[in-house]
Amino acid sequence: IIIYNGRAVDTLDFESVLQESGAVRLLDNDNDGKYEYLFLTCYQYLYVDRVDVRGESISDAHAAENGITADPANTALILRNESGGNLEFSDIKSDNLLIVERSMDNALITARLCTQMISGTITRTGTEDEIYIDGVSYRLSTYARAHYAAQMIPGSKGSFLLGYNNEIVVLKGSGTEMQYG
C-alpha cells in the first residue's frame, strides 16, 4: 500500500516524485520481512506573496503553481506552526515561508510555517547547491536555486529563511559591499 502525503494512492509516477524533496518510510507490520506500506512525504516550499482569507487562497511570490486554493467542500487544509500547533488562515502573512505537502488528489493539504532565519554575508559558493554564509556551509533548496541563484554571490548580505534540514530557501534583502578606490 502506498501512502502519499497522508492519503492512499493506487498508482504513483515514481520518476516525478523522485524530483521532489521529501522522505520515505517503509513499514513491515507483520514481521515477515516484506514491507506492506510505503509512506512518501513530499513537499514544496511556498514563499507567501498574498493571502486571501475569504477565498482561502495563498499565492507564492515566485511560482503560481505552488499556491494553495482550498475548497472547503473538497479539501482538508491543515495549517501548522513550527512546533506542530494549529494556525488559522488569518495567521498566514505575506513574506511567510510554508512547507506544503499535498495529496495527489489535493483532498489533503498540510502547510507548516517556517520561521527560522539567519543573517550574514555569503563568503563563498561551493557546488551548485551549496553556499557559505559567514564561513558556514548551507545547502540551497531547489526553490532557492530556481528563484535566487543570480543573487547568491560572494559579498551579498542578507537574511536567509531556512526550511527542512536548515537548507536555504529564501534570500531577503540582498546587497553587496562596494569599495571605491
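For the structure, see preceding data.
Below or above, wherever it landed, is the structure these notes cover. Each chain has its residues counted from 1, following the order in which its sequence is written. Selection of residues for local features in this predicted model requires a pLDDT of at least 70, selection of side-chain atom pairs for listing and counting requires 80 or more, and totals for whole chains, interfaces and linings are taken over all residues. As a rule here, side-chain values come from all non-hydrogen atoms in the structure, and water together with hydrogens is ignored.

Another point: the side chain of S103. Strands here are runs of E lasting at least two residues and helices are runs of H or I lasting at least four, both read from the DSSP assignment and numbered beginning at the N terminus. Structurally, the position occupied by S103 is in the loop between β8 (97–102) and β9 (108–114). Here S103 falls in the buried class, since its relative accessible area comes to 3%. Between N or O atoms, a polar contact is any pair within 3.5 Å; within protein, one atom must be a potential hydrogen donor and the other a potential acceptor, and residues adjacent in sequence are included only when both atoms are from side chains. A distance of 2.7 Å separates a polar atom in the side chain of S103 from a polar atom in the side chain of D105. Residue contacts are counted whenever heavy atoms from the two residues lie within 4.5 Å of one another. Residues within four places of S103 in sequence aside, it is in contact with Y4, N5, R7 and L108. Three exposure classes are used, based on accessible area relative to the maximum for each residue type with a 1.4 Å probe and protein chains only: buried under 20%, partly exposed in between, and exposed over 50%.

By definition, disulfides here are pairs of cysteine sulfur atoms that lie within 2.5 Å. The final tally for this structure, using the stated rule, is zero disulfides. Free of any disulfide, C42 has its nearest neighbouring cysteine sulfur in C114, separated by 16 Å. By relative accessible area, C42 is classed as buried at 5%.

What follows covers the environment of I68. Within the element layout of this structure, I68 appears in strand β6 (residues 68–69). On the accessibility criterion, I68 (0% relative accessible area) is buried. Once the C-alpha coordinates of I68 and L46 are considered, the two residues, 22 residues apart in sequence, prove to be 8.8 Å apart. Discounting chain neighbours no more than four positions away, the residues touching I68 are L46, E56, S57, I58, L77, V100, R102, I109 and A111.

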